[in-house]
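Residue-level structure breakdown
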Amino acid sequence: MKLSSVSFCLVKMGIVVVLFFHGCDSDSVDPTEGFVELPFNESYYYIQKPYNLNVSDRYSFVDGIHKFWVYFTDKPLARSSPTRARSEVIIHGYNYTSGVWQFEGNAYVPSGTSGVCVMQVFGAAPTATITTAFMLRMYNGTLKYYTDPVILPNMYDKWFKFNVIHDMDATKVMAYIDGQLVFQGADRGGLFHFFKFGVYAQKNGSDYMESRWKDIKIFNKPGSNHHYGKKTTS
């Protein structure tokens, strides 16, 4: 899928969302240019799931595809957690405290899945009202930055390549879909961050939620003042 070359920008509270219209195709860019790909395997992540279920009850990895699913009525990740149901990969092998970092993956969200976060950059300042720097959510086929603004409509039942770049030093986040810039805005500060992907139920979520991911890659920009290490966190 290619996005149209006809676009305009919505600027609101320091957030820039580039909205694309279907029409003539344009050449996409490679967001990973200038970055170095880092090693990534099972030792760099683990699965968060409802505390009363096995991982295999809400997650599978077959033929290179991570499949996540939850029901809105599922339990949270811990008995004491006030959060909603989730089945997510948490990339704890690259908890970073500075530098420029990038996540890449190909995603698929089936029809009917709504009110769910499918990817997030976790971490924010203690004073922030939200604990994440970025969330990619799905609402009725429309991908959104949290609940607003719209990133891209009509995204059910199709694979798309998603890249998110977090420049922690510049406190900035940029997101790309199929090589087209679709979002840029400020993060919410914080001392460390990490990437997560899967399904994490939000308010007014659908009864059943699912996402699929493949070809996951992690990048860092050489020359940036980057520090990272493994740190298990909920």
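Residues numbered from 1 in each chain as written. Predicted model: local features only at pLDDT ≥ 70, side-chain atom pairs only at ≥ 80, totals over all residues. Heavy atoms only, no water.

**Concerning the nonpolar core**
- Ranked by size, the top nonpolar core spans 50 residues in total, and within it Phe103, Met119, Phe134, Ile151, Phe162, Phe195 and Trp213 carry the most contacts.
- In contact with Phe103, other than residues within four places in its own chain, are Ile91, Met119, Phe162, Asn163, Val164, Phe195, Phe197, Trp213, Ile216, Lys217 and Ile218.
- Judged by nonpolar contacts, the second largest core, of six residues, contains Val100, Met174, Tyr176 and Phe219. (Core = buried A, V, L, I, M, F, W, Y, C linked by side-chain atoms within 4.5 Å. Buried < 20%, exposed > 50% of the residue type's maximum accessible area, 1.4 Å probe, protein only. Contact = heavy atoms within 4.5 Å.)

**Some remarks on the confidence of the model for the protein chain**
- Averaged over every residue, the pLDDT of the protein chain is 90; residues scoring 70 or more account for 85%.
- This model gives residues 1-13 a pLDDT under 50, and the stretch forms 44 contacts once residues within four places in sequence are excluded.
- Across residues 19-24, where pLDDT falls below 50, the model places 21 contacts with residues more than four positions away in sequence or in other chains. (pLDDT = per-residue confidence, 0-100.)

**A word on unusual backbone geometry**
- Residue Pro149 is reached from Asp148 by a cis peptide bond, and omega for that bond is 10°.
- Turning to its location among the elements, Pro149 is positioned in the loop between strand 12 (142-145) and strand 13 (150-152).
- A positive phi angle, close to 55°, is found at Tyr146, a residue other than glycine.
- What makes Tyr146 buried here is its relative accessible area of 7%.
- Of note in the backbone geometry, Asp215 takes a positive phi value of approximately 55° without being a glycine.
- As for its position among the elements, Asp215 is in strand 18 (residues 208-220). (Helix = DSSP H or I, 4+ residues; strand = E, 2+ residues; numbered from the N terminus.)

**A few points about the environment of Gln48**
- Examined against the element boundaries, Gln48 turns out to sit in strand 4 (residues 46-48).
- Only 2.6 Å separates the side chain of Gln48 from the side chain of Lys196, close enough to count as a polar contact. (Polar contact = N/O pair within 3.5 Å; in protein donor to acceptor, adjacent residues only side chain to side chain.)

**Notes on the packing of aromatic side chains**
- Per the counting criterion, the structure on display carries 21 aromatic pairs.
- Where Tyr145 meets Tyr146, the ring centres are 4.8 Å apart and the plane angle is 90°; that geometry is what we call edge-to-face.
- Among the residues examined, Tyr145 registers a relative accessible area of 4% and is labelled buried.
- A cation over a ring is seen here: Lys67 above Trp69, with NZ or CZ 5.4 Å from the ring centre.
- One Lys or Arg, Lys214, reaches over the ring of Trp159 and ends 4.4 Å from the middle of that ring. (Phe/Tyr/Trp six-rings, centres within 6.5 Å; stacked < 30°, edge-to-face > 60°. Lys NZ or Arg CZ within 6 Å of the ring centre and 35° of its normal.)

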